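As a plain string of letters, each chain reads:
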Amino acid sequence: MATKKSLVAAVAALTLFGGYVAVAQMPTPDPKMNFFVTSVPIGDGGNLGGLAGADAHCQSLATAVGAGKRTWHAYLSTQARPGKPAVNARDRIGKGPWYNFKGEVIAPDLAHLHGDTMELARLGNNLNKLTGLTEKGETVPGLYDYSDARDNFWWYAKTTPYSNRHEMLTGSQPDGTAFTDENDHTCDNWTSNKDAAPQPAGGRGAIGPGPGRPNAQIGFPDRNGGGNGSWNSSHGTRGCSQESLPGTHGVGMFYCFAIN
Amino acid sequence: MMTKPHARIAIVCVSLLASCLVLARPGGLAQQAPPAAQGAQPAPAGRGGGRGGAEPSPSGMSFFVTSVGLGKGGDLGGLAGADAHCQALAAAVGAGNRTWHAYLSTQARPGQPAVNARDRIGTGPWYNYSFAQLGQPQNAIISQNLAELHGDTLVQAQRGSNMYKQNARTEKAEVIHGIGDMPPIEHEILTGSQTDGRAFTDSADHTCNNWTSSGPGSAQVGHSDRIGNANHSWNSSNATTGCSQAALESTGGAGLFYCFAIN
């Protein structure tokens, strides 16, 4: 009898074990997931193929984890051009509430997400290091995660998935709208992979916008960096090439929201 | 004797299952064969040896979170007791030459006006005791001034300050354990303040009876890790369930508070 009991226990454990392996290999997002951080960049710097290319990246990453039935949009603004009005990131993402991979709420609505009133802005939304997950449920490495001087270089970041990469392209102001000045804040509306000048040795070119400077505004899902905690509008980049983005700890990832 | 091998198989299977549960935690990019973790609390003295310039030091510090509370819940001995605690902790690490005040509000009482935490802490800029991540080697900045710290304009409020988990350090340069860290979690920091850094004006208790109660009452707290209660507030996220030490600990607090040097 004792033998039989042990066998039963072993079989039960094996069954459970087998079942869990399947889960471990394919973590599935909560059915409510309608927000994620892209697990990988497109890989051509600030050239995302415009908004359409960025949206398609969101959609394909979502599809790969079984969340493709929703319509996904990238949280990106574009700046006005002759005959073409600006597009505001906040107008592209539906109304919320938005939930992450685990089904945790990021924000109940646009006003909470962006802090549309003084009180909402001071309180802030629920996007943080632990909730700013990719479509695969991964946290995004940031400051203090395996900090290494080489994490300012694409050759290192490319092959080191745990290196600091917490800068999300947004091209937006803190309220989620497009910039209205003459400078580039969107890598030429997400079509440019250029830099103003070759990155100097050490990868430490000038940061931020300026006349003739390809540049993108970024924010942090872990709310750590740039002297402020902005998730969507902390500072600019050193340029728009894939090589220049790690110079401030980004690789060209961005936020995706489902509008339905 | 016959049962033993089977029992062993069962044990092995259960162990495998357990390790699998651990491995299967979604968590990430950071789990893909990273090097030995540096941990969440890099000691400031251990970094930057090759960077030259000024090392961060307690004397360069004008902000810290108390490494320990006073142990009596919300009874801090009033503002005077809390200030003395800040001063003593600072003095113990060689930063007693500054004048330290606790970031705490008190509510109005008959014949006694309210005190706003933001009016007690000088004008900034404030620095912690850790290495700045960017720029010249120096103590890391918390905030430039009162307006940025509290978000006095809409854009300032939306952007926030440099007060974040790894910057909200104790006088010993330790990071306060927050959500997701090893217990005990001590991230609920007493403030008794509204989000703008001012005292509450209603009749409810938000200050453990102006920091004299270790029993009934409640205190408003912020989160040093900026995580909790579905918001991001460092100084006014939620209310405690009581003022005893046990009540504070039951919701992830320890009776810690922020200290700022006014000079």
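Residues numbered from 1 in each chain as written. Chains lettered and ligands numbered in written order. Predicted model: local features only at pLDDT ≥ 70, side-chain atom pairs only at ≥ 80, totals over all residues. Heavy atoms only, no water.

Trainee: Can you walk me through the confidence of the model for chain A in this structure?
Mentor: Low pLDDT means the predicted atomic positions in that stretch should not be read closely. The predicted model of chain A averages 91 in pLDDT, with 89% of residues at 70 or higher. Contacts of residues 10-23 of chain A to residues separated by more than four positions or lying in other chains number 15 contacts, the stretch itself having pLDDT below 50. (pLDDT = per-residue confidence, 0-100. Contact = heavy atoms within 4.5 Å.)

Trainee: Can you help me understand the packing of aromatic side chains in this one?
Mentor: How two aromatic rings sit relative to each other is set out by the distance from centre to centre and by the angle between their planes. With the rule as written, the count across this model stands at 19 aromatic pairs over all chains. The rings of Phe35(A), Tyr75(A), Trp98(A), Trp231(A), Tyr255(A) and Phe257(A) are connected pair by pair, giving a single aromatic cluster. (Phe/Tyr/Trp six-rings, centres within 6.5 Å; stacked < 30°, edge-to-face > 60°.)

Trainee: Please clarify how the pairing of strand β4 (residues 139-143) of chain B should be interpreted in this entry.
Mentor: Strand residues, when the strand is regular, have side chains that alternate between the two faces of the sheet. Residue and element names in this part refer to chain B. The element β4 is extensively covered by neighbouring structure, given that five of its five residues are classed as buried. Here strand β3 (residues 126-131) runs beside β4; their pairing, made up of three bridges, is antiparallel. Bridging across to β4, Trp126 finds its partner in Ser143. (Buried < 20%, exposed > 50% of the residue type's maximum accessible area, 1.4 Å probe, protein only. Helix = DSSP H or I, 4+ residues; strand = E, 2+ residues; numbered from the N terminus. Pairing = 2+ DSSP bridges.)

Trainee: How do you make sense of the nonpolar core when you look at a structure like this?
Mentor: Inside soluble globular proteins, nonpolar side chains tend to come together where they are buried. Counting residues in hydrophobic clusters, the biggest one holds 25 residues, and the most contacted among them are Phe36(A), Trp72(A), Leu76(A), Leu169(A), Trp190(A) and Phe254(A). Among the secondary structure elements, those contributing two or more residues to this core are α2 (50-64), β2 (72-74), α6 (187-190) and β7 (250-258) of chain A. Among the elements that make up this core, the one with the highest residue count is α2(A) (five residues). Phe64(B), Leu79(B), Cys86(B) and Tyr129(B) belong to the second largest nonpolar core, which has 24 residues in total. (Core = buried A, V, L, I, M, F, W, Y, C linked by side-chain atoms within 4.5 Å.)

Trainee: For this particular structure, what's the right way to read the pairing of strand β6 (residues 220-223) of chain B?
Mentor: Residues and elements named next belong to chain B. Taking every second residue as pointing to the same face, both faces of β6 are buried, with Gln220 and Gly222 on one and Val221 and His223 on the other. Both strand β5 (residues 188-190) and β6 contribute to a ladder of three bridges, which runs antiparallel. Within the sheet, the bridge partner assigned to Glu188 lies in β6 and is His223. The pairing of β6 with strand β7 (residues 238-239) spans two bridges and is antiparallel. In the strand pairing of β7, Gln220 is matched with Ala239.

Trainee: Could you clarify how one ought to interpret the pattern of salt bridges in this entry?
Mentor: In a structure, side chains of opposite charge can pair up when their charged atoms sit close to one another. Scanning the model with the defined rule gives eleven salt bridges over all chains in all. Linking Asp152(B) and Arg122(A) is a salt bridge whose minimum nitrogen-to-oxygen distance equals 3.8 Å. Here Arg122(A) lies in helix α4 (residues 118-123) and Asp152(B) lies in the loop between α3 (146-150) and α4 (154-159), a pairing that spans two chains. By relative accessible area, Asp152(B) is classed as partly exposed at 31%. Taken together, the salt bridges that share partners define one network made up of Arg122(A), Arg118(B) and Asp152(B). (Salt bridge = Lys/Arg side-chain N within 4 Å of Asp/Glu carboxyl O.)

Trainee: Help me out: how do you make sense of the side chain of Arg120(B) in this one?
Mentor: Residue and element names in this part refer to chain B. Residue placement: Arg120 occurs in the loop between β2 (100-102) and β3. Reaching out from Arg120, the side chain makes a polar contact with the backbone oxygen of Ala102 at a distance of 2.7 Å. Once residues lying within four places of it in the same chain are set aside, the contact partners of Arg120 are Leu79, Asp83, His101, Ala102, Leu104, Val115 and Ile262. (Polar contact = N/O pair within 3.5 Å; in protein donor to acceptor, adjacent residues only side chain to side chain.)

Trainee: What is the right way to read the confidence of the model for chain B from this model?
Mentor: Residue and element names in this part refer to chain B. Model confidence for chain B is summarised by a mean pLDDT of 84, while 78% of its residues fall at 70 or above. Across residues 1-52, where pLDDT falls below 50, the model places 81 contacts with residues more than four positions away in sequence or in other chains. With pTM at 0.85, the complex prediction returns an ipTM value of 0.87.

Trainee: Would you take a moment to explain empty space enclosed by the protein for this structure?
Mentor: One water molecule sets the probe size; rolling that probe over the atoms shows where empty space is left. Tallying each qualifying case throughout the model produces three cavities of 30 Å³ or more. Volume-wise, the largest cavity comes out at about 230 Å³. Taken together, 29 residues form the lining of the largest cavity, with Ala121(A), Arg122(A), Ala157(B), Gly160(B) and Arg226(B) sitting closest to its centre. Looking at the lining of the largest cavity, the elements with two or more residues in it are α3 (110-114) and α4 of chain A together with α3 and α4 of chain B. At four residues, the largest contribution of residues to the lining of the largest cavity is made by α4(B). Within the lining of the largest cavity, the residues separate by chemical class into eight nonpolar, 16 polar and five charged. (1 Å grid on protein atoms, 1.4 Å probe; cavity = no way out; pocket = protein on both sides within 12 Å on 5 of 7 lines; lining within 4 Å. Points joined across faces, edges and corners; volume = space filled by probe spheres on them. Nonpolar A, V, L, I, M, F, W, Y, C, P; charged D, E, K, R; others polar.)

Trainee: Just checking my understanding: could you explain the state of the cysteines for this structure?
Mentor: Structurally, a disulfide amounts to a covalent bond that connects the sulfur atoms of two cysteines. Tallied over the entire structure, the rule returns four disulfides over all chains. Two residues share a disulfide in this structure: Cys58(A) and Cys256(A), whose sulfurs sit 2.1 Å from each other. What sets the handedness of the Cys58(A) and Cys256(A) disulfide is the S-S torsion sign, and at about -80° it is left-handed. In this pair, Cys58(A) sits in helix α2 while Cys256(A) sits in strand β7, placing the two residues 198 residues apart along the sequence. In this pair, the class of Cys58(A) matches that of Cys256(A), namely buried. For Cys208(B), the disulfide goes to Cys243(B), at an S-S distance of 2.1 Å. For the disulfide bridge between Cys208(B) and Cys243(B), the dihedral angle about the S-S bond is near -95°, and by the sign convention the bridge is left-handed. Residue Cys208(B) is found in helix α5 (residues 208-211), and its partner Cys243(B) is found in the loop between β7 and α6 (245-250); the two are separated by 35 residues along the sequence. Here Cys208(B) matches Cys243(B) in class, with each residue buried. Taken in sequence order, the bonded cysteines of chain B link in the pattern 1-4, 2-3. What connects to what in chain A, once the bonded cysteines are numbered by sequence position, is 1-4, 2-3. (Disulfide = S-S within 2.5 Å.)

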